[in-house]
Amino acid sequence: MLNPKAYALGANRSSIRDLFEYGCRRAAVVGRENVYDYSLGNPSIPSPKEVDETIRQVLQDTDSLLVHGYTSAVGDYDTRKAISDDLNHRYGVQTKPEEFFLTCGAAPALVSVLRALAIPGGEVLAIAPYFPEYKPFAEEAGLAFRVVPPDIPSFQINLTEVEKRITPNTQAIILNSPNNPSGVVYTRETLQALRRVITDKIMEYGHTIYILSDEPYRELAYGVEVPFIPQIYADTIVCYSYSKSLSLPGERIGYVYVPGNCTESKRLYAAIAGAARACGHVCAPSLWQKVIARCAHLRPDLERYDRNRRALYQGLTAIGYETAKPDGAFYLFVKAPGGDANAFSELAKEKDLLVVPGDSFGCPGYFRLCYCVSYDMIQKSLPVFQELYRQIKEA
Ligand code: PLP
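Rules of the game
- Residues numbered from 1 in each chain as written.
- Predicted model: local features only at pLDDT ≥ 70, side-chain atom pairs only at ≥ 80, totals over all residues.
- Heavy atoms only, no water.
- Domains from an automatic or database assignment.
- Contact = heavy atoms within 4.5 Å.
- Buried area = accessible area lost by both parts, 1.4 Å probe.
- Salt bridge = Lys/Arg side-chain N within 4 Å of Asp/Glu carboxyl O.
- Phe/Tyr/Trp six-rings, centres within 6.5 Å; stacked < 30°, edge-to-face > 60°.
- Helix = DSSP H or I, 4+ residues; strand = E, 2+ residues; numbered from the N terminus.
- Buried < 20%, exposed > 50% of the residue type's maximum accessible area, 1.4 Å probe, protein only.
- Pairing = 2+ DSSP bridges.
- Right-handed = clockwise from strand over helix to strand, strands pointing away.

Engineer: I would appreciate a short explanation of the domain arrangement of the protein chain in the present structure.
Structural biologist: How big an interface is tends to be reported as the loss of accessible area on association of its parts. As assigned here, the protein chain comprises domain 1 (4–48 + 301–394) and domain 2 (70–295). Between domain 1 and domain 2, the C-alpha centre-to-centre distance is 27 Å. Listed as interface residues are 30 residues of domain 1 and, on the opposing side, 30 residues of domain 2. Of the roughly 2,400 Å² buried at the junction of domain 1 and domain 2 (both faces included), carbon and sulfur atoms supply 64%. On the surface where domain 1 and domain 2 come into contact, there are 1 salt bridge.

Engineer: When you look at the packing of aromatic side chains in this model, what are you seeing that I'm missing?
Structural biologist: Each aromatic ring pair is characterised by the separation of its centres together with the angle its planes make. Summed over the entire model, instances satisfying the criterion amount to 24 aromatic pairs. Between the aromatic rings of Tyr91 and Phe228, the centroid separation amounts to 4.3 Å while the plane-to-plane angle is 5°, which identifies the pairing as stacked. Pair noted here: Tyr91 is in helix α5 (residues 77–91) and Phe228 is in the loop between β6 (210–214) and β7 (236–241), with a separation of 137 residues, a long-range link. Assigned by exposure class, Tyr91 and Phe228 land together as buried. Relative to Phe385, the ring of Tyr321 has its centre 5.8 Å away and its plane inclined at 85°; by these criteria the two rings are edge-to-face. Of the two residues, Tyr321 sits in the loop between α12 (303–319) and β9 (331–335) while Phe385 sits in helix α14 (residues 375–394), which places them 64 residues apart along the sequence. Given a relative accessible area of 3%, Tyr321 falls into the buried group. For Phe385, a relative accessible area of 0% puts it in the buried group. An aromatic cluster is built from Tyr91, Phe100, Phe228, Tyr240, Tyr242, Tyr255 and Tyr257, whose rings are joined through pairwise contacts.

Engineer: What am I meant to see in the pairing of strand β3 (residues 123–127) here?
Structural biologist: On any regular strand, side chains alternate: one points to one face of the sheet, the next to the other face. Within β3, 5 of the 5 residues are buried, leaving the element largely enclosed by the surrounding structure. Where β3 and strand β4 (residues 144–148) come together, 5 bridges link them in parallel fashion. Residue pairing across strands places Ala126 opposite Val147, the latter belonging to β4. You can see the chain leave β3, run along helix α7 (residues 134–141) and come back into β4, and the turn it takes is right-handed.

Next comes the structure, spelled out in structure tokens:
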């Protein structure tokens, strides 16, 4: 006998992976340069050169047993101190190393926090469009997963719908800004208004509601402010990752930050550590902890993403496509001409153009484009978008 829920999760592939693998098969037939693959959010800018230099330095100046050994379950003190110092410097906050728990990226961070908050009957809210993995993470933790419908066309937060969906069982609201898949950055005004809605509900129900801020794209913003949410709402738990900011998705390094002044801070931190322990998610990769201890201050050079973003946004809107304002991350979320994003995706596939329908993000009728691709591919794909648009409008 097998666990049927685990089996279903493993056997039903994600539509994004399916598309990506389809693209690889097509590339073998028609050539990689003839497949316009916008399916997968794999960074396309190299890590800052200091990262590679630091790996070499760490290997040279640190005892090999230490480099490759277990660290403490929560992570090396020096790494947590470097992260804490960097945030304090950037945002003028007063974080402390003991408020950080190092993880293998954002995914285990989210899983650990959700498990720490999973009480019987507990619920978690996600704002559509949302990262599809939130649902299995929450449900496998034992939380009911509730969705706040999207705020179309701005893709900020639909506050009236948030208000309707907060119940006495709501444990947390997951936010992700800059957002995957919309590329939208929640404004300070939106976040302040959200705080008012949550605070009123807390007064009504008399229990804590945390914001769970999933921030792998925090550093990927193009000329707009990305507010640091714990400064707006004290009961915010941050899940961060270096997967996108330093282009290190395969290395698996990130953290949870539990602010010292949030409700039940110490108990919450202990519960997150306990949940991570129960999942075997302790002791993030030692070499990468040591690299981050020296590189926590680094930021990505966004020039190439920005160039892609502008080319794709301008190219598509000139054709007539409508999209959310792409101020952050490396995604564009586009309204499907004709209204059916699955039909659009299928039609596009026939022309070797791969786009992800919005259904799994909780937002049918839109499709996602990852523009962490080559500039050349964008230029070559625009006539294909044009042809599809004309075909659908004339049908
Ligand atoms: N959250 C969001 C919104 C993401 O887009 C991703 C990865 O694409 C993750 C979490 C998981 O990130 P990590 O690679 O750090 O586990």
